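Structural characterization, general
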Amino acid sequence: MKDNKLYSSLQITTLVILRLLVGWHLLYEGISKLITPDWSSFGFLSESKWILSGFANWIISNPGVLNAVDFLNTWGLIALGVALILGIFSRFAAFAGALLLLMYFLNNPPLIGLEYSMPTEGNNLVVNKTLIEAMALFVLAVFPAHRVFGLESLFSNTNLKKK
Amino acid sequence: MAISKDNKKSSAANTDQPKKSNQSRRSVLKALAGIPVLGILGWEVVKSNAAANTRKNRVIRELGLENLEIPLPLSNPVANTGDPLRVGIIGFGSRANDLAKGLGFMHPDEVEARKQDNTLEDWLQQDNLNVAVVGICDVFDLHAERGLVIARNDVRQGGEKAGKLPVKRYMSYQEMLADKDIDAVVIATPDHHHAPISIAAARAGKHVYCEKSPALSEKELNELYTTVKDSKIVYQLGHQITQNVVFQQAKEIVKRDILGKITLVETTTNRNTAEGAWIRHLDANGNPKPGDEKSIDWKQWLGSRPYVPFSIDRYYSWTKWFDYDMGMIGQLFTHEFDAVNQLLRIGIPKAVVSSGGIYYWKDNRDMPDILHCVFEYPERELTLIYSASLASSRDRGRVFMGHDASMELGESISINADYNSTRYKKQIDEGIIDTSVPMIAIQPGSGKVDAVTTATQKYYASRGLTTTNINGRQVDVTHLHLKQWIDCIRTGGTPTANIERAFEEGIACLMAHTSYVEKRRVEWDPVKKKIV
């Protein structure tokens, strides 16, 4: 992407709305984990199938690691959500969020032959909403959605002034 | 348009040739655009929480369940004081392995395996019961030797001191009971030895922890009862299920009459494997397991039972024959009965009818693989049903059915209001209680009551998929049951599965068994204290 390329206001606005929506979703996922007593990623991880199942099993068989993962998950989601909504470090947040969602996806991909006891929302084959949300964050990371409607634009303007 | 103008500005800011621009009020506002979004989200979260709490609290409050938080019965200092209790284990088969672990002794091989899969820590944190396993008695050399290795392993912290006491193999239980260096015995033999050994132990003044069933005949049971009653020993029957915390909570729920009048209790067994049908004399490759007449004292194993030539099938799969136990009634219904009796104190039934047959596992067995027993309690206006199958593992829970709600009690508790409930009519009409999903769900380990509020929670509760034993560590219920027994030995209390409960259970099981064998309805004569 070239920085000097200009986008139409509609293009920028939709990107910003996408950023706010994904931010909202991640933030609320984090908050709901925070306010649910006894929430743990144990259930999700114990369902892990495919290439990351060994890793997931390692996590759940270590109470200390599991607690750390729970903590990082909850606060990571909250931090990413806030960053995306406010537009601070949002390019980093978009990348980090995309990777996190990709991890979720790889733990429970809707592939043929993998059965889960947890119900899924809708019908998925290979692609599911987690993967799409991860891709949406990659898109946000590579487009300048954070340069407008975000605290970063303020700082970049300030820097600009100083120069 | 304004946006595109600002966009140009900020896009320009990314480039190396910055344009001079004014920090306009508008761009500041735009920079802060996320803040109102955060505000709306915050507001929505508060609203949604409040709505959920109102609903949840209303159900919990209206049911009077606010204080239904029962802590995990963990550390209790009693067990740690004084000299170690010197325990002998009689019968060292697979169940004794678990009992030894509950006491704090694990085979070195399993210690290694658990280190590999990181489950050793949970076990190491188990309370030190200050016990020394000083005697092992088994008629099979291989099992006795395994027992010795386990008893000598002092991998646990508190086990060290205990491990310093010498561990001895006894060739017969009589020899062990005659030894003054044994304080208490754990009996994990086949069932036909339970009563004779328990009676002899009580006479010798040794405390008894005996696996179910307590006895195989009325005569034995009566003798066991009077002997234990006349002695000073602590008797505990091996029903660890009720040590589960959810049981204490279920008790509280029954006490608070959440279910209304309970008229039907349904208990089940749902198995569908050869192992589950007690075909246990073959290893994974289909070859007979180790053991022959040289290494097994067959005469002692048979005890008072009719002589039959040595058979590896009988030795490992003894459950299949009525000479050695009461089939599923003795092996599995005993636990069910204890669970129901601990909750409802139903005691001895007025009448029992059993029926069933051998329909699937048509080998040399006596025990039926499909069995139904109906226990009548006319004075309690209640019927207890036991429905068992060894040829289908369709999961049927243990359900207490009341007029206002039914409770499924297993690893977790799930209570659904009854659609035609009188008590909850108002809440059901108002939509506060949805009868198609659990009204109350209690998850293991959490020690908390929750009126289920979200779709996911509902799903988990209905499936019993509530794997939240995280904060409260995984505690072995067998350990808790042994601990209760040991604490009672030290402090003089009475354990939950005491001789009174064992007697009630023994009679109920004998009635069901007699009914099946004699193909008739049997009754209990409370005056003569006799099955008729």
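Because the structure is a prediction, the values reported are computed rather than measured.

Considerations on the sheet that holds strand β2 (residues 131-137) of chain B
Residues and elements named next belong to chain B. The sheet built from 6 strands is open, its strands ordered β3-β2-β1-β4-β5-β6 with parallel pairing. Strands with a single pairing partner mark the edges of an open sheet, and in this sheet they are β3 (168-170) and β6 (235-237). Each strand axis lies, on average, 25 degrees off the axis of its neighbour in the sheet, ignoring direction. Sheet analysis places strand β1 (residues 85-90) next to strand β4 (residues 184-187), joined by 4 bridges and oriented parallel. The residue of β4 that forms the bridge with Ile90 is Ile187. Those strands touched by helix α7 (residues 141-152) are β1, β2 and β3, and its axis lies near 165 degrees from that of β2.

Brief notes about the domain arrangement of chain B
All names here are of chain B. Parsing chain B into structural domains produces domain 1 (77-243 + 479-498) and domain 2 (244-472). Listed per partner, the contact involves 19 residues of domain 1 and 23 residues of domain 2. Its residues assigned to classes, the side of domain 1 that touches domain 2 shows 8 nonpolar, 8 polar and 3 charged.

Looking at the confidence of the model for chain B
Residues and elements named next belong to chain B. Averaged over all residues, the pLDDT of chain B equals 84, while 83% of them reach at least 70. Note on residues 1-20: pLDDT is under 50 here. Beyond four places in sequence and across chains, it has 40 contacts. Predicted confidence for residues 446-472 stays below pLDDT 50, and this span has 70 contacts to residues more than four positions away or in other chains.

What about the environment of B:Asp292?
All names here are of chain B. Looking at the element boundaries, Asp292 is found in the loop between β7 (262-270) and α13 (298-302). The exposure class assigned to Asp292 is exposed, which follows from the 12 C-beta atoms found within 10 Å. The spacing of Asp292 and Ala274 is 18 residues in sequence and 22 Å in space, taken between C-alpha atoms.

Overview of the pairing of strand β9 (residues 370-377) of chain B
Each regular strand carries side chains that alternate between the two faces of the sheet. Residue and element names in this part refer to chain B. Here strand β8 (residues 351-357) runs beside β9; their pairing, made up of 7 bridges, is antiparallel. Bridge pairing links Ala351 to Glu376 in β9. With 8 bridges joining them, β9 and strand β10 (residues 382-389) adopt antiparallel strand pairing. Across the sheet, Val374 pairs through a bridge with Ile385, a residue of β10. Between β9 and β10, which pair antiparallel in sequence order, lie 4 residues; one of them, Glu381, sits at a positive phi of approximately 50 degrees.

Regarding the nonpolar core
Ranked by size, the top nonpolar core spans 108 residues in total, and within it B:Val87, B:Ile89, B:Val133 and B:Val185 carry the most contacts. Ranked by residues supplied to this core, first place goes to helix α19 (residues 499-518) of chain B with 10 residues. Both domains that furnish three or more residues to this core are identified here as domain 1 (77-243 + 479-498) and domain 2 (244-472) of chain B. Here B:Val133 is in contact with B:Val87, B:Ile89, B:Ala100, B:Leu103, B:Phe105, B:Ala151 and B:Val167, once residues within four sequence places are set aside. With 25 residues, the next largest nonpolar core counts A:Leu20, A:Leu80, A:Ala94 and B:Leu41 among its residues.

A look at the confidence of the model for chain A
Of all residues in chain A, 80% have pLDDT values of 70 or greater, and the mean over the chain is 79. Note on residues 158-163 of chain A: pLDDT under 50 across the span, and 5 contacts to partners over four residues away in sequence or across chains.

Describing the packing of helix α5 (residues 90-107) of chain A against helix α6 (residues 129-142) of chain A
Residues and elements named next belong to chain A. Viewed as axis vectors pointing N to C, α5 and α6 meet at an angle of 160 degrees, and their least axial separation amounts to 8 Å. Relative to α6, the element α5 lies roughly antiparallel. For the element pair α5 and α6, the recorded crossing hand is left-handed. Counted together, Arg91, Ala94, Phe95, Gly97, Ala98, Leu101, Leu102, Tyr104 and Phe105 of α5 and Thr130, Leu131, Glu133, Ala134, Leu137, Phe138, Leu140 and Ala141 of α6 form the full contact between these two elements. Split by residue class, the contact of α5 with α6 holds 13 nonpolar, 2 polar and 2 charged.

The rules behind each value
- Residues numbered from 1 in each chain as written.
- Chains lettered and ligands numbered in written order.
- Predicted model: local features only at pLDDT ≥ 70, side-chain atom pairs only at ≥ 80, totals over all residues.
- Pairing = 2+ DSSP bridges.
- Helix = DSSP H or I, 4+ residues; strand = E, 2+ residues; numbered from the N terminus.
- Axes fitted to C-alpha atoms, helices over the stretch in contact; angles between N-to-C directions.
- Contact = placed C-beta atoms within 7 Å.
- Domains from an automatic or database assignment.
- Nonpolar A, V, L, I, M, F, W, Y, C, P; charged D, E, K, R; others polar.
- pLDDT = per-residue confidence, 0-100.
- Buried ≥ 20, exposed ≤ 12 C-beta atoms within 10 Å, placed from the backbone.
- Core = buried A, V, L, I, M, F, W, Y, C linked by C-beta atoms within 7 Å.
- Parallel < 35°, antiparallel > 145°, perpendicular 65-115°, else oblique.
- Left-handed = near helix turned anticlockwise from the far one by under 90°.

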